[in-house]
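# Coordinate inspection notes
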Amino acid sequence: MLKLLFLSTPVGPLGSGIGGGVELTLLNLAQEMSQRGHQVTVVGPEGSKVEHISCQEISGTCQEMIQNNHRDTPIILPENSVLANMWDYGRKVQNDYDLIVNFAFDWLPFYLTPFFTTPIAHFISMGSMTDTFDEMMNRVAVKYPKNIGVYTRSQAATFPFNDACRILGSGLNLSLYNYCESPDNYLAWVGRLSPEKALEDAIEAAEIVNIPLKIFGKITDEEYWQTIRKKYPHAPYQYEGFFNTIELQEKLGKCQALLMTPRWIEAFGNVAIEALACGVPVIAYSRGGPAEIVQHEKTGFLVEPDSISGLVTAINNLHKIERKQCRQQAETEYSLKALGDRFEGWFNEL
Ligand code: HBI
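Residues numbered from 1 in each chain as written. Predicted model: local features only at pLDDT ≥ 70, side-chain atom pairs only at ≥ 80, totals over all residues. Heavy atoms only, no water.

## Focus: the layout of surface pockets
Using the following cut-off: A cavity, in this analysis, means grid points on a 1 Å lattice covering only the protein atoms where a 1.4 Å probe fits yet has no way out; a pocket is instead an open set bounded by protein on both sides within 12 Å along at least five of seven lines, and a residue lines either one if it has an atom within 4 Å of a point. Grid points are joined across faces, edges and corners, and a volume is the space filled by probe spheres set on the points. Gly counts as polar in this scheme, as do all residues outside two lists: the nonpolar Ala, Val, Leu, Ile, Met, Phe, Trp, Tyr, Cys and Pro, and the charged Asp, Glu, Lys and Arg.
Of the voids in this model, the second largest pocket is the one considered here, and its volume is about 250 Å³. Residue classes in the lining of the second largest pocket are distributed as 10 nonpolar, five polar and two charged.

## Side note on the environment of Tyr-237
Counted only if it meets this: Secondary structure elements follow DSSP: runs of H or I no shorter than four residues count as helices, runs of E no shorter than two count as strands, and numbering proceeds from the N terminus. Here, two residues are considered to be in contact whenever any of their heavy atoms come within 4.5 Å of each other.
Residue placement: Tyr-237 occurs in strand S10 (residues 237-241). Residues Tyr-237 and Lys-320, spaced 83 residues apart in sequence, show a C-alpha to C-alpha distance of 25 Å. Discounting residues that sit within four places of it in the chain, Tyr-237 has contacts with Ile-203, Leu-213, Ile-215, Trp-225, Ile-228, Arg-229 and Tyr-232.

## Structural notes on the sheet that holds strand S3 (residues 54-58)
Where we set the bar: Pairing between strands is defined by DSSP: at least two bridges between them are needed.
What the seven strands build is an open sheet, ordered S3-S2-S1-S4-S5-S6-S7; its pairing is parallel. Unpaired on one side and paired on the other, S3 and strand S7 (166-167) mark the two borders of the sheet. Sheet topology places strand S6 (residues 148-150) next to S7; two bridges connect them, and they run parallel. For Val-150, the partnering residue across the bridge sits in S7 and is Ile-167.

## Some points on the site of the ligand
Selection criterion: Residue proximity to a molecule or strand is established when one non-hydrogen atom of the residue lies within 4 Å of it. Throughout this description, a polar contact denotes any pair of N or O atoms lying within 3.5 Å of each other; where both atoms belong to protein, one of them has to be capable of donating a hydrogen while the other can accept it, and for residues adjacent in sequence the pair is counted only when both atoms sit in side chains. Computed by Shrake-Rupley with a 1.4 Å probe, the accessible areas treat only the displayed protein chains as cover when residues are assessed.
Taken together, 18 residues lie around the ligand, and Thr-9, Gly-19, Gln-67, Asp-106 and Ser-125 are the ones closest in. Ile-66 is positioned with one of its backbone polar atoms (N or O) 3.0 Å from a nitrogen atom of the ligand. Here a nitrogen atom of the ligand sits 2.7 Å away from a polar atom, N or O, in the side chain of Asp-106. When the free accessible area of the ligand is taken as 390 Å², the share hidden by the protein chains comes to 96%.

## Thoughts on the side chain of Arg-323
Applicable threshold: Only protein chains enter the calculation, and the probe is 1.4 Å; a residue is then buried if its accessible area is under 20% of its type maximum, exposed if over 50%, and partly exposed in between. The charge count includes Lys and Arg as positive and Asp and Glu as negative, but it does not include His or the ends of the chains. Any Lys or Arg side-chain nitrogen located within 4 Å of an Asp or Glu carboxyl oxygen qualifies as a salt bridge.
If you trace the backbone, Arg-323 turns up in helix H12 (residues 323-333). Buried Arg-323, no salt bridge; nearest opposite-charge side chain is Glu-181, N-O distance 5.8 Å. Looking at Arg-323, its side chain comes within polar contact range of the main-chain oxygen of Glu-181, at 3.3 Å. When sequence neighbours within four positions are dropped, the list of residues in contact with Arg-323 reads Tyr-179, Cys-180, Glu-181, Pro-183, Gly-253, Cys-255, Gln-256, Cys-278, Gly-279, Val-280 and Pro-281.

Structure below.
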């Protein structure tokens, strides 16, 4: 039995959706590890909600999201930084734990690693972002080569410490996702509404095929969303809002397909396996995590990156996909048990 301390992303409270896919990974992993008899404590910004797991809420100013920055952006910490406060708490209680697991994609936890006596496992949730982050992450990877975990091979390849990365994939509590055999006449797009997710491509494709697009997710970039609304006044789309897992899977399952249009190297694309779990085929640009998830022409289609016509062709071929195969793939590759085995193996090694 391991005593595990999970330090979450500092961009927003767990359960708010601001932390995107890494929130889901942390919550699923916390559940699975405690299910296996380990003692898990989660540390998150004030307002964090974690069911059935002890959670230490830390006050302070949330960290700016890194992905809207440039490669040469310096490290910025706000006054009364919740990230700094979380790690000060971690330092104080570290002797009560066998292992600390960091889920923040931030410079500070990597810088602090050599100052801690309890080992720290870093789960990196995005691809390379800035030079200063790469430099500090690399320093940790060189000194502690077993302590870096990532979602996918293509994500690892974006870092200078590619070979030190342990590929852990992701996973879901599949019992929360209901299989839907016959969908309504809708397409779906799920994710944070932010430029790197390129929602505009999905809207353009929906307009061409004239199938309404349902948009689910947190608007984390209001300006971007307003630009979209002005640019596509007549396109058939509707913004549904941000939902928790139970509500999302209910609505997502009724869609004909999930469109994934990342402009960046999506580290994993948890929404892809959520769709598969509901029997929804995934049409994704063939780049990053989704390219390692979607089985082309079996559980969806991999499309030439940034090609709207590629999306349209795939949508017109959806009748070739058997929705049962999608659920099947989720059960085989992305169950919580599979996820737990991979992470438990890593933690035991550390
Ligand atoms: N930005 N600074 C910062 N820190 C994070 O932990 C972070 C982020 N942006 C996005 C994000 N985490 C998650 O949405 C992704 O890692 C999934």
